[in-house]
Structure formats: structure tokens, C-alpha cells
Amino acid sequence: DTLQSQLINMGVIPTLVKLLGIHCQNAALTEMCLVAFGNLAELESSKEQFAYTNIAEELVKLFKKQIEHDKKEMIFEVLAPLAENDVIKLQLVEAGLVECLLEIVQKTVDSDKEDDIAELKTASDLMVLLLLGDESMQKLFEGGKGSVFQRVLSWIPSNSHQLQLAGALAIANFARNDGNCIHMVDNGIVQKLMDLLDRHVEDGNVTVQHAALSALRNLAIPVVNKAKMLSAGVAEAVLKFLRSEMPPVQFKLLGTLRMLIDAQAEAAEQLGKNVKLVERLVEWCEAKDHAGVMGESNRLLSALIRHSKSKDVIRTIVQSGGIKHLVTMATSEHVIMQNEALVALALIAALELVTAEKDLENAQLVQILHRLLSDDRSAPEIKYNSMVLICALIGSEPLQKEVQSMAFLEVVSKLRSHENKTVAQQASLTEQRLAVES
């Protein structure tokens, strides 16, 4: 690494790129340049230097002339690390690399020769990598009219798993801004992705499932897409993968459902009354080995309550043993998750306190709230929602006794002088409520 750094500092990169341009007819010299590029391109500092040369143009020019698989492979090995740099991504797109890649895909898609299969994989992977840059992605999307975008769409119904995977990943990358997402949903992309998922329910290619779910999750982010995707049956399509034992699939499935029900009360109620789903969520809330799945399950449980505000949903979650997980979630290190848990718990206390009373008591919610209110590091919204929750819990006799037995009045009266006005006001109200009850 130190030798490479020294070479880079000496300015060897621009010299080598010039050499490649001048002697592109000399096969031996070209090869030596490619080997050197391959060794240097891994370093971050080198990519910045490469970006100031016309390496993209030279490599694409060279690539177009190659017939032999080995030579193409050598150029691919330089292109892949270079394409991790956003500036170079755009240069490669502008130099016409995408057209070369699409041509390779077309030539190799039906072949069963090992070299062709390898080339198909490399070309489609590189295509997805080029779409990870915002500028290069927008350039290729061309408002959804781009020929590249259209070609990538045609990969999704293909019979090659590699192309299905690359197609779905490409859609997930195109779906990185609201405008693109809205355009794609309006132009029927959702049905294509659902058909693709359908093909993988039984034979279960995990990478394709994961990629298609990623694309649907991204498409569900804009508010206007949620209702359209729900009425297209996306929730039902996603639920078919509840049986999956693969954490990456579980993670994306949870994220997709959470995006879909955001502010969609009817859908949240329907899913929240689905006992199979809720039981699976409760099970995944204990997936200690997979923090991502555990976090997403908790967040979806809370979202089902927050968006449905439905007594039936709360009952289903209580019966499935979900309350203790929401209480634990209130102690998360992430403020956003703590807050989501507290809001869900406040709704439970307001709508179905009697049903949830025993579970809230067993999960030691009152002690946790005391801790959150006493802790100076708790965010203002955490303090605010903890006090709202305390006021709701007083409606239950056993929980009220617990509140009285812990010196809540002291903690709350201190918060009356909190720098955050909303917290200070809520502290006054909570103090009055506690005083009346005691």
C-alpha cells in the first residue's frame, strides 16, 4: 500500500493513462498498463487522480475493440473499482460504457457457455454499480424515457436469474428520488416486480427476492404511491414471504410493509389484525442475532398501532405477546425508535388500557418511564411523550399504585423549568394530574 501511495504521489497515473492512449495498438504495453491500473485503482486517493484524466474514454475505447474474453475481463477488473467513484461513474456513462454493457448482455443472455455466463454477470453488475451515482442514474433515467431504463425493465421478466437480479437492483437504484418513483409506479413497474416475486415464492432465489423487495420498498416512499401500491396488492404479494428464514429478505419485507402503511389507516388496521403477521413480528422482535430484523419488527409493530389507532389491532398485539417488545423499544439507543414506541404505548393506554394492563405491569413500564424522565440525556420529545403516557397510565389501578410508589412528582416538578416550552407545559399538566390522583 505504501509503495502504491508513493507512486500515486509521484503522479504516475496521468502518465500511464497518456501511455495507454498513445500506444493502444501495442497489446503488450496495453496489458501492462491495465495490470498497473488494477493494482492502483483500489486506493481511494488514486480514484480522485483518475477522475482528472480521460481514463474513462480510453478504457471504453479499448473495451470496444476487444473480442477475447480474457482481455475484456482484464478491463472489467479495472472498471469495477474505478466505477465506485461518482465522478468516474458519470465519465464512464458519458464515454458510452452503458451501450457496451447492454450489447454484452444481449449477446450472452441465452448462452450456456461459462465465459458468456461470467461476462453477463460482470456486465450487469457493473451496470447496477453505475446507477449508484445520483448524476449517472438521472442521466440514464432520462425522465423514464431513456432507452437504457427501458432495456433494464426488459431484464425483469427475463429467464436469467442474474438479469432478474440486476433488473430489480437497477429499479431500486432508479427509485432513489420521489419523481422517479412516482413516474415508475404510474407506468406499471409494480406489476412487473410483483410478477417477479411470484416466480420466486416457491423456488426462492434469495438474492432476487431481496432485490425485488428493495425496489418495492423504495417505490413506496412517496406519499402518493402508497395507496396505488396497496390497491395493486403489494402488501399481499409481500406477505407471501413471511415464511422466509433469510434475514435479508425478512428485513426488506418489514421495511416495505412499514413504508406502505405510513399514514394509511385502513391498510394498517388490516395488517394489524392479521394474526399470522403479528405473531411473526413478535417472533422476529427476539431475533438477537439480527439487529436489523429485530429493529424493523419493533418499528412495524409500533407503526401498526400508530397508523391504525385501532382497538382491534391493539388486542391482536396484546394477545400475541407484543407489548413487552414495545416497552423494550422505548429504551432503544435510537431516539426515533424510542419515540415511536412511546407514541404507540400512549395509544394503547388511551384505547385499551384494561386489556394491556397486566403486560405493561410485567414489562416494568412505569420504572422505565421514571428512568427516562430522570435522565438528563433524554431528548425533549422523549420526556414529553413519557409524561403523556404517565397521565394515561393513571387510569389503571395497579399502574397508578406503581406511579405513586415511585417519586414521580419530584422528577416532573423539576421539568417545569425545562428549556423546551412544550416539555415545561406538559410537566405542569402532569404535576397537576399526579397531585389530584394522590
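Residues numbered from 1 in each chain as written. Predicted model: local features only at pLDDT ≥ 70, side-chain atom pairs only at ≥ 80, totals over all residues. Heavy atoms only, no water.

Asker: Looking at this model, I keep getting lost on empty space enclosed by the protein. Mind explaining?
Answerer: By rolling a water-sized probe across the atoms, one finds the places where empty space is left. This model, assessed by the stated rule, comprises 1 cavity of 30 Å³ or more. Of the volumes computed, that of the largest cavity is approximately 40 Å³. What lines the largest cavity is Leu20, Cys24, Glu58, Lys61, Leu62 and Lys65. Per-element accounting of the lining of the largest cavity gives the leading share, 4 residues, to helix α5 (residues 55-65). Residues that form the lining of the largest cavity fall into these classes: 3 nonpolar, no polar and 3 charged. (1 Å grid on protein atoms, 1.4 Å probe; cavity = no way out; pocket = protein on both sides within 12 Å on 5 of 7 lines; lining within 4 Å. Points joined across faces, edges and corners; volume = space filled by probe spheres on them. Helix = DSSP H or I, 4+ residues; strand = E, 2+ residues; numbered from the N terminus. Nonpolar A, V, L, I, M, F, W, Y, C, P; charged D, E, K, R; others polar.)

Asker: I'm lost on helix α29 (residues 408-415) in this one. Help?
Answerer: Residues spaced three or four apart along an α-helix point in a common direction, a consequence of the helix completing one turn every 3.6 residues. Of all the positions in α29, only Phe408, Val411, Val412 and Leu415 are classed as buried. The arc that holds every buried residue of α29, seen down its axis, measures 95 degrees, which confines them to one face. What points out from α29, more than 90 degrees from its buried face, is the exposed set Glu410 and Lys414. (Buried < 20%, exposed > 50% of the residue type's maximum accessible area, 1.4 Å probe, protein only. Arc of directions from axis to C-beta.)

Asker: Sorry if this is basic, but what is going on with the environment of Val403 here?
Answerer: Examined against the element boundaries, Val403 turns out to sit in helix α28 (residues 397-405). As a C-alpha pair, Val403 and Cys391 span 12 residues in sequence and 9.8 Å in three-dimensional space. The residues touching Val403, leaving out its near neighbours within four places in the chain, are Val366, Ile390, Phe408 and Leu434. (Contact = heavy atoms within 4.5 Å.)

Asker: I keep staring at helix α7 (residues 86-94) and nothing clicks. Help me out?
Answerer: The complete set of buried residues in α7 reads Ile88, Lys89, Leu90, Leu92 and Val93. Each element contacted by the buried residues of α7 is listed here: α4 (44-50), α5, α6 (69-82), α8 (97-108), α9 (114-130) and α10 (134-141). The backbone nitrogen of Val87 has a side-chain oxygen 2.8 Å away, supplied by the residue at the start of α7, namely Asn85. (Polar contact = N/O pair within 3.5 Å; in protein donor to acceptor, adjacent residues only side chain to side chain.)

Asker: What is the right way to look at the nonpolar core in this model?
Answerer: Most often, soluble globular proteins keep nonpolar side chains buried together rather than apart. Residues Phe37, Phe174, Leu360 and Leu393 are the most contacted members of the largest nonpolar core, which totals 155 residues. Here this core takes 9 residues from helix α24 (residues 335-351), the largest share from any one element. Apart from the residues within four sequence positions on either side, Leu360 is in contact with Ile323, Val327, Leu345, Leu353, Leu365, Leu393 and Leu399. (Core = buried A, V, L, I, M, F, W, Y, C linked by side-chain atoms within 4.5 Å.)

None of this, on its own, says anything about what the molecule does.
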